[in-house]
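# A closer look at the structure
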Amino acid sequence: MAKSFEIPKLLVWEAYLRVKANQGAAGVDGQSIEEFEKELKGNLYRIWNRMSSGSYFPPPVRAVPIPKKSGGTRTLGVPTVSDRIAQMVVKLWLEPMLEPHFHLDSYGYRPGKSAHDAIAVTKRRCWRYDWVVEYDVRGLFDNIDHELLLRALRKHCQCKWLLLYVERWLKAPMQDGEGRIIERSKGTPQGGVVSPLLANLFLHYAFDVWVSRKFSTVPFCRYADDGLLHCKTQRQAEEVLRAIGERFQECGLEIHPGKSKIVYCQDVNRRQANDRVAFDFLGYTFRPRSSKDKYGRRYVNFSPAVSRDAMKTMRQEIRSWHLQLKSEKGLEDLSRMFDPVLRGWSSYYGKFYKSAMVPVWRHMNEYLVRWVMRKYKRYAKRRTRAAEYLDRLARAKPQLFAHWRMGIFPAAG
């Protein structure tokens, strides 16, 4: 029987493999990936058959409140496993259409681009431009205008089944923890597979293209809903901040007043008095820092390092491990349990000005020392001796923990 739309079965298989690799929680039906795989062939066939015939309708997404670092919560919309696969089918087909049109200075949720790329280009521009405009879009995923988004999508895509299913996903309701159905007239659920791509498309026209036309001499860097613009003068920065606020309002969005500001990039050559000489971006704080030139001379440089909030979060996670209570475990066991996390932190936050991470590594060492004191009676209440013992182990087996491989050992604190 002929299908309404030609969707390759291989595309559905590739989508399943991507979703499986990403894992994720169950949706409103409570089905996990493992349960989905018990009837894998039949489940994948049903997705392909319904999408190909035009009869696929997405179920509600499960609303999950997630605490925000700044306080309060944001709502994550978790689709079912089947719906994640269907969304991945669309993403795999749609992304190659849109990618060539996106701006070079858009970095979030894009193949071949990373947060480190955005931080590196921002670092270079802070040396060249005196002022930075920092903005944050309030509730981007909850407030995207459906009609504006679909208009942007139709500009690049005439594929009927893609347009059909994107529109259905935009209108799919949410189901809260008590089972109540919440209808939606705007936004795209944060947590949906295709949502980041759609958000990038929306902001491409709402912001990227507009800035390039309106302020052609002002370079910008955008990572999803966070962005920076670099200005020559304070007056220009004030004009830019006012204009982007108005622009987002025109598009049904608003910038967060508490997270949007103008910052002076103070360094050895720029010493104008200003109250704001620091900003946070992607877990890093940009501010004046003491650096050395190639001759060993000290000077002040405006550069990024791990933010205070990120360090606080890492220290809290270390405390939550309660590793000092795991006296039944060996050091190699602790390494297997926690070093993957430490490696991830080191890889991300140690990319720029890695010495700023030392307080986090010392915090980890302190908990390992407490573990020694609890595990070995001879070191109970003898912290210095416990640290010396652990230090010898660390130097003999530095491969066990990321910070030991960098030479940050327990005896040093």
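Notes on the structure follow.

## Remarks on the packing of helix α12 (residues 331-349) against helix α13 (residues 358-375)
Here α12 crosses α13 at 170°, and the two axes come no closer than 13 Å. Comparing the axis directions of α12 and α13 gives the class roughly antiparallel. Residues Leu-331, Leu-334, Phe-338, Leu-342, Trp-345 and Ser-346 of α12 form the contact with α13, whose own contacting residues are Val-360, Trp-361, Met-364, Leu-368 and Trp-371. Considering only residue class, the contact of α12 with α13 consists of 10 nonpolar, 1 polar and no charged.

## A short note on a nonpolar patch on the surface
Among the surface-exposed residues, Leu-10, Trp-13 and Leu-17 lie close enough to one another that they form a single nonpolar patch of about 310 Å² accessible area. With respect to the helices and strands, the residue Leu-10 is situated in helix α1 (residues 9-22).

## Looking at the environment of Ala-25
Within the secondary structure layout, Ala-25 lies in the loop between α1 and α2 (33-36). Among the residues examined, Ala-25 registers a relative accessible area of 41% and is labelled partly exposed. As a C-alpha pair, Ala-25 and Val-81 span 56 residues in sequence and 8.4 Å in three-dimensional space. Ignoring anything within four residues of it in the chain, the contact list for Ala-25 reads Arg-62, Val-78, Pro-79 and Arg-84.

## Concerning the sheet that holds strand β9 (residues 279-281)
If you trace the 3 strands from one edge of the open sheet to the other, you get β9-β10-β11, paired in antiparallel fashion. Two strands in the sheet have a free side with no partner beyond their single neighbour: β9 and β11 (298-306). Each strand axis lies, on average, 50° off the axis of its neighbour in the sheet, ignoring direction. Along the sheet face, helix α11 (residues 308-321) touches β9, β10 (284-292) and β11 and points at about 50° away from the line of β11.

## Section: the pattern of salt bridges
Using the criterion set out here, one finds 20 salt bridges in the structure. Glu-134 serves as the salt-bridge partner of Lys-261, at 4.0 Å between the closest nitrogen and oxygen. You can see Lys-261 sitting in strand β8 (residues 261-264) and its partner Glu-134 sitting in strand β3 (residues 131-136), a full 127 residues away along the chain. For Lys-261, a relative accessible area of 23% translates into the label partly exposed. Within the structure, one salt-bridge network assembled from shared partners comprises Asp-176, Glu-178 and Arg-180.

## Considerations on the packing of α11 against α12
Contact geometry of α11 with α12 gives a least axis separation of 12 Å together with a crossing angle of 175°. In this view, α11 runs roughly antiparallel relative to α12, as classed from their interaxial angle. Touching Ala-310, Met-314, Glu-317, Ile-318 and Trp-321 of α11 are Phe-338, Val-341, Leu-342, Trp-345 and Tyr-349, all from α12. Here the contact of α11 with α12 is built from residues that sort into 9 nonpolar, no polar and 1 charged.

## Observations concerning the packing of aromatic side chains
Applying the stated rule across the entire model yields 26 aromatic pairs. Here Phe-279 and Phe-286 contribute two aromatic rings whose centre-to-centre distance is 4.8 Å and whose plane-to-plane angle is 5°, an arrangement assigned as stacked. Here Phe-286 falls in the buried class, since its relative accessible area comes to 0%. Feature note: the residues Tyr-135, Phe-207, Phe-220 and Phe-248 constitute an aromatic cluster, connected by ring pairs.

Procedures and definitions
Residues numbered from 1 in each chain as written. Predicted model: local features only at pLDDT ≥ 70, side-chain atom pairs only at ≥ 80, totals over all residues. Heavy atoms only, no water. Axes fitted to C-alpha atoms, helices over the stretch in contact; angles between N-to-C directions. Helix = DSSP H or I, 4+ residues; strand = E, 2+ residues; numbered from the N terminus. Parallel < 35°, antiparallel > 145°, perpendicular 65-115°, else oblique. Contact = heavy atoms within 4.5 Å. Nonpolar A, V, L, I, M, F, W, Y, C, P; charged D, E, K, R; others polar. Patch = residues over 30% accessible without salt bridge, like charges linked within 9 Å, V, L, I, M, F, W, Y side chains within 5 Å. Areas by Shrake-Rupley, 256 points an atom, 1.4 Å probe, with all protein chains shown as cover. Salt bridge = Lys/Arg side-chain N within 4 Å of Asp/Glu carboxyl O. Buried < 20%, exposed > 50% of the residue type's maximum accessible area, 1.4 Å probe, protein only. Pairing = 2+ DSSP bridges. Phe/Tyr/Trp six-rings, centres within 6.5 Å; stacked < 30°, edge-to-face > 60°.

Coordinates in, geometry out; function isn't part of it.
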